[in-house]
Amino acid sequence: MGDCVLPARAPRNGEESRVNGLSAADLFDLLGHFLLLSLLSIGGAMSAAPEMHRYFVVERGWLDETGFVTSIALAQAAPGPNVTFVAVVGYQIAGLVGALAALCGILLPSTLLSLRVSRWLRTHRTSVGVQAFTAGLAPMTVGLLLATSWVLLKPFLDGAETVPWGPILLIAVTVWCMLRTRLAPIWLILMGGLVGALGYG
Amino acid sequence: MNDSAPEHEPTSRPQSLVELFVTFTVLALQGFGGVLAVAQRELVDRKRWLRREAFLELYSVAQVLPGPNVVNLALMLGDRFFGWPGALAALAGMLTAPIAIVLTLAASYQQFADLPMVAGALRGMGAVAAGLMIAMAIKLIAALRRNPLGRGVTLLLVGVTVALVAVWHVPLVWVVLFVGGTGWGIAFCQLARQETGKNRE
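Residues numbered from 1 in each chain as written. Chains lettered and ligands numbered in written order. Predicted model: local features only at pLDDT ≥ 70, side-chain atom pairs only at ≥ 80, totals over all residues. Heavy atoms only, no water.

- By the naming in an unreviewed UniProt entry, chain B goes by Chromate transporter subunit B and is assigned to Hydrogenophilus thermoluteolus.
- According to its UniProt record, chain B has this under Sequence similarities (unreviewed entry): "Belongs to the chromate ion transporter (CHR) (TC 2.A.51) family."
- We quote the UniProt Subcellular location (unreviewed entry) comment for chain B here in full: "Cell membrane". (UniProt positions renumbered as here; feature names shortened; annotations may be inferred.)

### Regarding the overall build of chain A
Phase 1 of the analysis: From N to C terminus, chain A includes seven helices and zero strands.
Phase 2 of the analysis: Going residue by residue from the N terminus, the α and β elements of chain A occur as α-α-α-α-α-α-α.
Phase 3 of the analysis: Out of the 201 residues in chain A, the part that is buried amounts to 50%.
Phase 4 of the analysis: Put simply, of all contacts in chain A between residues at least 6 apart along the chain, 53% involve residues at least 24 apart. (Helix = DSSP H or I, 4+ residues; strand = E, 2+ residues; numbered from the N terminus. Buried < 20%, exposed > 50% of the residue type's maximum accessible area, 1.4 Å probe, protein only. Contact = heavy atoms within 4.5 Å.)

### Considerations on the nonpolar core
Phase 1 of the analysis: Judged by nonpolar contacts, the single largest core of 118 residues is most densely connected at A:F34, A:M52 and B:F24.
Phase 2 of the analysis: At 18 residues, helix α4 (residues 69–108) of chain B tops the list of elements feeding residues into this core.
Phase 3 of the analysis: Taken domain by domain, this core gets at least three of its residues from each of domain 1 (15–110) and domain 2 (146–197) of chain B.
Phase 4 of the analysis: Those residues in contact with B:F24, other than ones at most four positions away along the chain, are B:L43, B:W49, B:A74, B:L77, B:A90, B:G93 and B:M94. (Core = buried A, V, L, I, M, F, W, Y, C linked by side-chain atoms within 4.5 Å. Domains from an automatic or database assignment.)

### Structural notes on the packing of aromatic side chains
All names here are of chain A.
Phase 1 of the analysis: Under the criterion given, the structure shown has five aromatic pairs over all chains.
Phase 2 of the analysis: Aromatic side chains Y55 and F56 sit 5.3 Å apart centroid to centroid with 85° between the ring planes, which places their arrangement in the edge-to-face category.
Phase 3 of the analysis: Judged by relative accessible area, which is 8%, Y55 ranks as buried.
Phase 4 of the analysis: Given a relative accessible area of 0%, F56 falls into the buried group.
Phase 5 of the analysis: Consider the rings of F56 and W62, whose centres lie 5.9 Å apart with planes at 25°: the pair is stacked. (Phe/Tyr/Trp six-rings, centres within 6.5 Å; stacked < 30°, edge-to-face > 60°.)

### A word on the environment of A:D29
Phase 1 of the analysis: Considering the arrangement of structural elements, one finds A:D29 in helix α1 (residues 24–40).
Phase 2 of the analysis: Once residues lying within four places of it in the same chain are set aside, the contact partners of A:D29 are A:Y55, A:R60 and A:W62.

### A look at helix α6 (residues 151–167) of chain B
Phase 1 of the analysis: Between its first and last C-alpha atoms α6(B) spans 23 Å; for 17 residues at 1.5 Å apiece the expected length is 24 Å, and the two agree.
Phase 2 of the analysis: Following α6(B) by one or two positions, B:H169 adopts a phi angle in the positive range, close to 50°. (Expected span 1.5 Å × (residues − 1).)

### Some details on unusual backbone geometry
Residue and element names in this part refer to chain B.
Phase 1 of the analysis: Phi angles above zero are rare outside glycine, and R48 is one such case at about 60°.
Phase 2 of the analysis: Of note, R48 is situated in the loop between α2 (36–46) and α3 (52–64).
Phase 3 of the analysis: Owing to a relative accessible area of 42%, R48 belongs among the partly exposed residues under this scheme.

### Details of the side chain of B:Q40
All names here are of chain B.
Phase 1 of the analysis: As for its placement among the helices and strands, Q40 is situated in helix α2.
Phase 2 of the analysis: For Q40, a relative accessible area of 1% translates into the label buried.
Phase 3 of the analysis: Among residues more than four places away in sequence, those in contact with Q40 are D45, R52, F55, M136 and K139.

Right, here's the structure in full:
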């Protein structure tokens, strides 16, 4: 029901005849490309973003630059895993059907593969190879998390003329609460939203 | 279950598929700017379904497999407790509410995107998200203590990963192959040596 009630974007010239601008063949193309992207997205959905951009914005022209960047920003502003940005990309291209196709595509292959691999690893968990696999990857995992912390931290430090005390204080309070208390993160996020809305963030 | 690795035993477990679904919905809805830190908080610190070490192992596997990392993590954990239905319940919990929210935002964001209060709130929430990630990285460093690689090698691999990703922006595939491969190789040699040592006794 929702497709035509919620226009995903302003229709460009001549696109009105096709709902949200895509034919059935295009939708299969969309689904197919997301199926492929699913298996390429090692390191998370966000790591497939450059390839998504190349195909849907540059090659197909189904989405403009702003639409693509907005998809990522919206998904990061909303709660939930980053993969929700894939649903927004699909939605901006072809409405709710597009969102559904994009999600099924990005999730199906990786889900089946993950379950098979994790079951296999669990049944062979006593073997030296598997134990070495999980133990050997752990330092890299922690390293990647530290690198992600740095990436999240950088926007607050870059381009600031004075010391950004607001964000620094928010970050410090958050780290302290996480290490010393058992407070649910939502209270910290609400605190951050409130402090930011009042102009101190 | 085997008793060679007692630290893998969870101290508690979900009682039903509904509890699994609700838990993942609750944690996904707290995940602004990424769900991973919240997942660690809820699953390890609060629900106690996993110990830190087991969380790190599960996530290490989840991240080298294609697909969204935290979604893979949810699948594997759900599967571990209830098999296929558990995997689906965790997946549905992780995605249903966030997708509904993000699509609602996508359909209506133009009306409020320019408000300075909204921009400020998003910035404050971003600072908290950075704090959550930093705190989790600190906690998981502690989980590396018992790593069979030994402290020196472990810290070296963490450092190399941070340098490759944050400083030199090396694509993830190469980091996984190089650092993950090295870690696996060294861990394999060490564990194999321990194994032969045990057999000789």
